[in-house]
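Topology and contacts: notes
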Amino acid sequence: MPAQFAQAEKYASIVVDADTHEVLHARNADALRYPASLTKAMTLYMVFDALKSGEITLSEELPVSRAAASQPPSNLRLRAGSTITVRDAIRALVTKSANDVAVVIAERLGSTESRFATLMTAKARSFGMTRTTFRNASGLPDAAQMSTARDMAILAERLLEDHSGYYHYFSTDSFQWGSQKFPNHNALLRSVDGVDGIKTGYTRASGFNLMSSARRDGRRVIAIMFGGSSSLSRNQHVSDLIEAAFSTFETPRLPDTALASYAINNIQRPNNINAAAMPMLNGEIFTPGRIGEGDESSPLRVAPR
């Protein structure tokens, strides 16, 4: 299988108007993909549930087991027998995407990571995330741990709706742990107007993933992407999708039936592994400032930033 085609098989994306739940763009949105560290968004949902119910508190000290301490990077290099507060655990997951911290949380809320993953899956299914299965709390490689762009969009919506009081953690700029300071992996927080969360992810099997949300002028969009070939191309692609989504709010729309038919019939696979894929909204390639003037063979034109 050519490397370019194999990379394209990882790609999927969806953009949703969070206020109306309307899908503005979808490509391979229901295809099974590896979530990588987007998994931690579900882990954090479970943490926020436990905080809301009083099962845990932000100041509680969580014990670090040998299993947690043995997790591969990205991690905080926690030592077995030490502790970390729930507040710091949240910050570590959001910024550093620490795998050891994910296991600490899983063992506290589920006794074992395996049982916690079962609880995560059950919670996801209750949301309507019908194609999602979790096998661990971190997103480290597991052939059975799968999700879809659409399911991750559902999760993002539920985080916003059910745990708005904790959502601010996803915009944490950096996290100080001991003598080290870890910046948030989500570069869009610092480069795209209105972006205030929520999670990046990467494994060799998944490619570069991103779950993002942005709010402007009282409108919010959620953009999910799987399978970028680099963090740079992923960030650019999701940025373009967000810009396109906000542009559609000011652009006359095609009738729903015509829009759906045109969009579905013109979905194409990514054709450049170094650029992830051409952003398409309303069935056409997006050109910033010129919605609806692309065609399937045109190169992507990006307005200067």
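Residues numbered from 1 in each chain as written. Predicted model: local features only at pLDDT ≥ 70, side-chain atom pairs only at ≥ 80, totals over all residues. Heavy atoms only, no water.

With that out of the way, let us pick up the confidence of the model for the chain. Residues at a pLDDT of 70 or more form 79% of the chain, whose mean pLDDT is 84. Predicted confidence for residues 1-7 stays below pLDDT 50, and this span has nine contacts to residues more than four positions away or in other chains. Contacts from residues 255-305, a stretch scored under 50 in pLDDT, to residues over four places away or in other chains number 99 contacts. (pLDDT = per-residue confidence, 0-100. Contact = heavy atoms within 4.5 Å.)

Taking 1.5 Å per residue, twelve residues should reach 16 Å; helix 5 (residues 99-110) reaches 16 Å between its end C-alpha atoms and fits that length. Residues of helix 5 that are buried include every one of Asn-99, Asp-100, Val-101, Ala-102, Val-103, Val-104, Ile-105, Ala-106, Leu-109 and Gly-110, and no others. Looking at the buried side of helix 5, the elements it contacts are helix 2 (39-53), strand 3 (61-63), helix 3 (66-69), strand 4 (83-85), helix 4 (86-95) and helix 6 (113-127). A positive backbone phi angle near 75° is found at Ser-111, which sits one or two residues after helix 5. (Helix = DSSP H or I, 4+ residues; strand = E, 2+ residues; numbered from the N terminus. Expected span 1.5 Å × (residues − 1). Buried < 20%, exposed > 50% of the residue type's maximum accessible area, 1.4 Å probe, protein only.)

Now for the environment of Ser-229. Positionally, Ser-229 belongs in the loop between strand 9 (219-228) and helix 9 (231-248). In this structure Ser-229 comes out as partly exposed when scored by relative accessible area, which is 26%. Each C-alpha atom, one on Ser-229 and one on Arg-204, is 9.6 Å from the other, the two residues being 25 residues apart in sequence. In terms of polar contacts, Ser-229 uses its side chain to reach the side chain of Ser-233, at 3.5 Å. (Polar contact = N/O pair within 3.5 Å; in protein donor to acceptor, adjacent residues only side chain to side chain.)

What follows is about the environment of Glu-113. With respect to the helices and strands, Glu-113 occurs in helix 6. The residues contacting Glu-113, other than those within four sequence positions of it, are Val-103, Ala-106, Glu-107, Asn-136, Ala-137 and Ser-138. Looking at Glu-113, its side chain comes within polar contact range of the main-chain nitrogen of Ala-137, at 3.0 Å.

Let us now look at empty space enclosed by the protein. Per the counting criterion, the structure on display carries three cavities of 30 Å³ or more. Taken together, Val-47, Ile-56, Leu-62, Val-86, Ala-89, Ile-90, Ile-105, Arg-108 and Leu-109 make up the lining of the second largest cavity. Among the elements of the structure, helix 4 and helix 5 are those that each provide at least two residues to the lining of the second largest cavity. Here the residues of the lining of the second largest cavity sort into eight nonpolar, no polar and one charged. (1 Å grid on protein atoms, 1.4 Å probe; cavity = no way out; pocket = protein on both sides within 12 Å on 5 of 7 lines; lining within 4 Å. Points joined across faces, edges and corners; volume = space filled by probe spheres on them. Nonpolar A, V, L, I, M, F, W, Y, C, P; charged D, E, K, R; others polar.)

Moving on: the packing of helix 2 against helix 5. Between helix 2 and helix 5, the least distance of the axes is 11 Å, while the angle of their chain directions is 40°. One finds that helix 2 runs oblique with respect to helix 5. Both helix 2 and helix 5 take part in a crossing whose hand is left-handed. Taken together, the residues of helix 5 that come into contact with helix 2 (itself represented by Lys-40, Thr-43, Met-46, Val-47 and Ala-50) are Asn-99, Ala-102, Ile-105 and Leu-109. Tallied by class, residues from the contact of helix 2 with helix 5 come to six nonpolar, two polar and one charged. (Axes fitted to C-alpha atoms, helices over the stretch in contact; angles between N-to-C directions. Parallel < 35°, antiparallel > 145°, perpendicular 65-115°, else oblique. Left-handed = near helix turned anticlockwise from the far one by under 90°.)

Turning to its location among the elements, Asp-162 is positioned in helix 7 (residues 149-162). In terms of polar contacts, Asp-162 uses its side chain to reach the side chain of Tyr-45, at 2.6 Å. Non-local contacts of Asp-162, meaning those with residues more than four positions away in its chain, are made with Tyr-45 and Lys-52.

We now examine the pattern of salt bridges. In this structure the tally under the stated criterion is twelve salt bridges. Of the charged contacts in the structure, one is a salt bridge between Arg-91 and Asp-88, with a shortest N-O distance of 3.7 Å. Of this pair, Arg-91 and Asp-88 both sit in helix 4, three residues apart, which is roughly one turn of the helix. For the salt bridge of Asp-193 with Arg-216, the shortest nitrogen-to-oxygen distance reads 3.6 Å. You can see Asp-193 sitting in the loop between helix 8 (188-191) and strand 7 (195-203) and its partner Arg-216 sitting in strand 8 (residues 207-216), a full 23 residues away along the chain. If you follow the salt bridges from partner to partner, you end up with Asp-17, Asp-19 and Arg-219 in one network. (Salt bridge = Lys/Arg side-chain N within 4 Å of Asp/Glu carboxyl O.)

For strand 8, the buried fraction is high: nine of the ten residues fall into the buried class. Here strand 7 pairs with strand 8 via eight bridges, running antiparallel. Bridging across to strand 8, Tyr-202 finds its partner in Phe-208. The antiparallel pairing of strand 7 with strand 8 creates a hairpin that spans three residues between the two strands. Examined bridge by bridge, strand 8 and strand 9 share eight bridges and lie antiparallel to one another. Its bridge partner being in strand 9, Arg-215 is matched across the sheet by Arg-220. With antiparallel pairing between neighbouring strands as the criterion, strand 8 and strand 9 make up a hairpin whose turn holds two residues, including Asp-217 at a positive phi of roughly 50°. (Pairing = 2+ DSSP bridges.)

Pairing within the open sheet is antiparallel, and its five strands lie in the order 2-1-9-8-7. Both edges of this open sheet fall to strand 2 (23-27) and strand 7, since each of them pairs with a single strand only. Between one strand axis and the next, the sheet turns through 5° on average, direction left out of account. One ladder, built from four bridges, connects strand 1 (residues 12-17) with strand 2; its direction is antiparallel. Bridge pairing in strand 2 places Ser-13 opposite Arg-27. Running at roughly 145° to strand 9, helix 7 makes contact with strand 1, strand 2, strand 7, strand 8 and strand 9 of the sheet.

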